[in-house]
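Chain residues, written in single-letter form:
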Number of protein chains: 2
Amino acid sequence: MKLLEQRIIQDGKIINNNVIKVDSFLNHQLDTAFLNELGQQIYDYFKERKINKILTIEASGIALATLTALHFEDIPVVFCKKQKTSNIGKDIFESKVKSYTTNKEYIITVSKRFLSPEDNILIIDDFLAEGNALLGMIDVCNQAKANIEGISVAIEKGFQDGGKIIRQKGFDLLSLAIVERVENGNIYFKNH
Amino acid sequence: MKLLEQRIIQDGKIINNNVIKVDSFLNHQLDTAFLNELGQQIYDYFKERKINKILTIEASGIALATLTALHFEDIPVVFCKKQKTSNIGKDIFESKVKSYTTNKEYIITVSKRFLSPEDNILIIDDFLAEGNALLGMIDVCNQAKANIEGISVAIEKGFQDGGKIIRQKGFDLLSLAIVERVENGNIYFKNH
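Residues numbered from 1 in each chain as written. Chains lettered and ligands numbered in written order. Predicted model: local features only at pLDDT ≥ 70, side-chain atom pairs only at ≥ 80, totals over all residues. Heavy atoms only, no water.

Student: Quick one: what's the story with the overall build of chain A, residue by residue and with numbers?
Tutor: Each helix and strand counted, chain A has 5 helices and 11 strands in total. Across its three principal directions, the C-alpha atoms of chain A cover 50 × 35 × 30 Å. When burial is assessed residue by residue, chain A has 56% of its 192 residues classed as buried. Relative to all contacts within chain A whose residues are 6 or more apart in sequence, the contacts with residues 24 or more apart total 61%. (Helix = DSSP H or I, 4+ residues; strand = E, 2+ residues; numbered from the N terminus. Buried < 20%, exposed > 50% of the residue type's maximum accessible area, 1.4 Å probe, protein only. Contact = heavy atoms within 4.5 Å.)

Following this line, the structure appears as structure tokens:
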């Protein structure tokens, strides 16, 4: 069994069949030594690629992205900011994202100074459900004509469509754990 | 001259006498190898203390806090979340913070599961201006009866009152660079 799967079973709190809380180690309290090991796994998978930058989104993606970047040789992380309102024209790329959790729309922005056609990007986030945040990050990369070398998330919810959508677009998506379903208080993972 | 001072002079963008943009390495694009060196400096200063947890605030504090935590032996980071509305009673500590940048108030929250009287906390943030975010984090630590062992920020704006307020309260505050003033396009640091 994989490292992250073990940890989800050990410390994840099943709220209902749709929601597992992992805020004791992944997205509120951060187990940095553990996230560093996950960063190693992402690095091992993508290390042969010509990746020069990691793109993530505030706030929960930042720690994993940062610790993954450390394993590469001196590459920066850029994190997309979440805003309420559109800022078009202010030297930023932006994309509209619908939040699965809150059902509200927000805007993600990234400065045009930090994404360019010379960039070979690895996109990282903590969770993949319907894929909206990833699609927003793909969108800003496309606007910048940056090349996307790969995408990695810690936890994919395999019973939602995000992973399928991202893979059908041809992206190399590494999910460190794929939750297939939650049933009677048990968590089942997809073997892959 | 200190590492961070050199970097601010090299890559900081002087917007006006009050504002230096450091978003190319500290708070939008993150130079992770460099932040790791800053984390080493914070560790070197606080390593003799009995620190078991780092508290920071989303989003810009997370990377530096995470990389500082790596230098300690396996300690977690907890990041306070920023909210628009109060959630009192929902198993969280919360505190009201006034943003210097936007002049608006927001609420910071942290789960009661992740702050307790057993905790010896190091508080970390990227910037210290008027000190409101730090005071909010001190407030939630006080609510949790957690012990604050120290506070560290990357950049202190020495011409604003935050540093003075925090030090007068008796906290051991390590600022990796203190900007004394910006004048005619030059940045002057406080020797300390």
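Student: Before we move on, could you go through the relation of the copies chain B and chain A and cite the residues and values that matter?
Tutor: When chain B is fitted to chain A, the residual RMSD is 0.0 Å, and the transformation amounts to a turn of 180 degrees plus an axial shift of 0.0 Å. What the superposition gives is, in effect, a two-fold axis relating one chain to the other. Taking C-alpha positions as reference, the residue of chain B nearest the rotation axis is Ala 59 of chain B, located at 2.6 Å. Comparing contact sets, 100% of the residues at the interface of chain B also lie at the interface in chain A, consistent with an isologous, same-surface contact. (Least-squares fit on C-alpha atoms with pLDDT ≥ 70 in both.)

Student: Let's hear about the interface of chain B and chain A: which residues, and what values?
Tutor: Listed by partner, the interface residues are 35 residues for chain B and 35 residues for chain A. Joining chain B to chain A, the criterion identifies 2 salt bridges. Of the charged contacts, one joins Asp 23 of chain A and Arg 113 of chain B as a salt bridge, the two residues approaching to 2.5 Å between their closest N and O atoms. Our count for the contact surface shared by chain B and chain A stands at 12 residue pairs in polar contact (both at pLDDT 80 or more). Contributions of two or more residues to the side of chain B that touches chain A are made by β3 (29-30), α2 (32-46), α3 (61-71), β5 (77-83) and β7 (105-111) of chain B. Counted by class, the side of chain B that touches chain A contains 15 nonpolar, 10 polar and 10 charged residues. In this sheet, β5 of chain B lies alongside strand β3 (residues 29-30) of chain A in antiparallel orientation, the contact comprising 2 bridges. Each residue of the ladder has a partner; that of Leu 30 of chain A, found in β5 of chain B, is Val 77 of chain B. (Salt bridge = Lys/Arg side-chain N within 4 Å of Asp/Glu carboxyl O. Polar contact = N/O pair within 3.5 Å; in protein donor to acceptor, adjacent residues only side chain to side chain. Nonpolar A, V, L, I, M, F, W, Y, C, P; charged D, E, K, R; others polar. Pairing = 2+ DSSP bridges.)

Student: I'd like a rundown of the side chain of Gln 29 of chain B, residues and numbers included.
Tutor: Note that Gln 29 of chain B resides in strand β3. Once residues lying within four places of it in the same chain are set aside, the contact partners of Gln 29 of chain B are Lys 53, Pro 76, Val 77, Val 78 and Phe 114 of chain A together with Asp 23 and Ser 24 of chain B.

Student: Which residues make up the nonpolar core, and what values go with them?
Tutor: Counting residues in hydrophobic clusters, the biggest one holds 72 residues, and the most contacted among them are Leu 4 and Ile 8 of chain A together with Leu 4 and Ile 8 of chain B. For Leu 4 of chain B, the contacting residues outside a window of four places in its chain are Phe 25, Phe 34, Leu 38, Ala 154, Ile 155, Leu 176 and Ala 177 of chain B. (Core = buried A, V, L, I, M, F, W, Y, C linked by side-chain atoms within 4.5 Å.)

Student: Let's hear about α3 of chain B: which residues, and what values?
Tutor: Owing to its 3.6 residues per turn, the α-helix aligns residues three or four sequence positions apart on the same side. Burial within α3 of chain B is extensive, with 9 of its 11 residues counted as buried. For α3 of chain B, the complete set of buried residues consists of Gly 61, Ile 62, Ala 63, Leu 64, Ala 65, Thr 66, Leu 67, Thr 68 and Ala 69 of chain B.

Student: How would you sum up the pairing of strand β11 (residues 186-189) of chain B? Please name residues and give values.
Tutor: The alternating pattern of β11 of chain B places Ile 187 and Phe 189 of chain B on a buried face, while none of Asn 186 and Tyr 188 of chain B, on the opposite face, is buried. The turn linking strand β10 (residues 173-183) of chain B back onto β11 of chain B is made up of 2 residues, and Asn 184 of chain B within it adopts a positive phi angle of 50 degrees.

Student: Quick rundown of the packing of helix α2 (residues 32-46) of chain A against helix α3 (residues 61-71) of chain A? Include the residues and the values.
Tutor: Residues and elements named next belong to chain A. Close contact between α2 and α3 brings their axes to 8 Å; oriented N to C, the two are set at 55 degrees. On the basis of their axis angle, the class for α2 and α3 is oblique. Handedness of the crossing formed by α2 with α3: right-handed. Taking contact as the criterion, the partners of Thr 32, Leu 35, Asn 36, Leu 38, Gly 39, Gln 40, Ile 42 and Tyr 43 in α2 are, on α3, Ala 63, Leu 64, Leu 67, Thr 68 and His 71. (Axes fitted to C-alpha atoms, helices over the stretch in contact; angles between N-to-C directions. Parallel < 35°, antiparallel > 145°, perpendicular 65-115°, else oblique. Left-handed = near helix turned anticlockwise from the far one by under 90°.)

Student: Break down the environment of Asn 184 of chain A for me, citing the residues and quoting the values.
Tutor: Residues and elements named next belong to chain A. Looking at where Asn 184 falls in the secondary structure, it is placed in the loop between β10 (173-183) and β11 (186-189). Residue classification places Asn 184 among the exposed positions, given a relative accessible area of 73%. It is 9.5 Å that separates the C-alpha atoms of Asn 184 and Asn 16, two residues lying 168 residues apart in sequence.

Student: Account for the pairing of strand β6 (residues 92-98) of chain B, with residues named and values stated.
Tutor: Residues and elements named next belong to chain B. In terms of burial, β6 is largely enclosed, as 5 of its 7 residues are buried. Pairing of β6 with β7, which is carried by 7 bridges, proceeds in the antiparallel orientation. Each residue of the ladder has a partner; that of Glu 94, found in β7, is Thr 109. Counting the residues between successive antiparallel strands, the hairpin from β6 to β7 contains 6 residues, one of them, Asn 103, with a positive phi of roughly 65 degrees.

Student: Which residues make up the side chain of Glu 5 of chain B, and what values do they have?
Tutor: Residue and element names in this part refer to chain B. By secondary structure assignment, the location of Glu 5 is in helix α1 (residues 3-11). For the buried Glu 5, no salt bridge exists, and the shortest N-O distance to an oppositely charged side chain is 4.5 Å, to Lys 2. If near-sequence neighbours (up to four positions away) are discounted, Glu 5 is found in contact with Ala 177, Phe 189 and Lys 190. (Lys, Arg positive; Asp, Glu negative; His and termini not counted.)

Student: Residues and numbers for the packing of aromatic side chains, please.
Tutor: All names here are of chain B. One pass over the full model with this rule turns up 6 aromatic pairs over all chains. Taken together, a centroid distance of 4.7 Å and an interplanar angle of 75 degrees make the contact between Tyr 45 and Phe 46 edge-to-face. Overall, Tyr 45 belongs to the partly exposed group, its relative accessible area being 39%. Positioned above the aromatic ring of Tyr 106 is the side chain of Lys 82, whose terminal nitrogen or guanidinium carbon lies 5.3 Å from the ring centre. If you follow Arg 181 out to its NZ or CZ, it ends over the ring of Tyr 188, 4.1 Å from the centre. (Phe/Tyr/Trp six-rings, centres within 6.5 Å; stacked < 30°, edge-to-face > 60°. Lys NZ or Arg CZ within 6 Å of the ring centre and 35° of its normal.)

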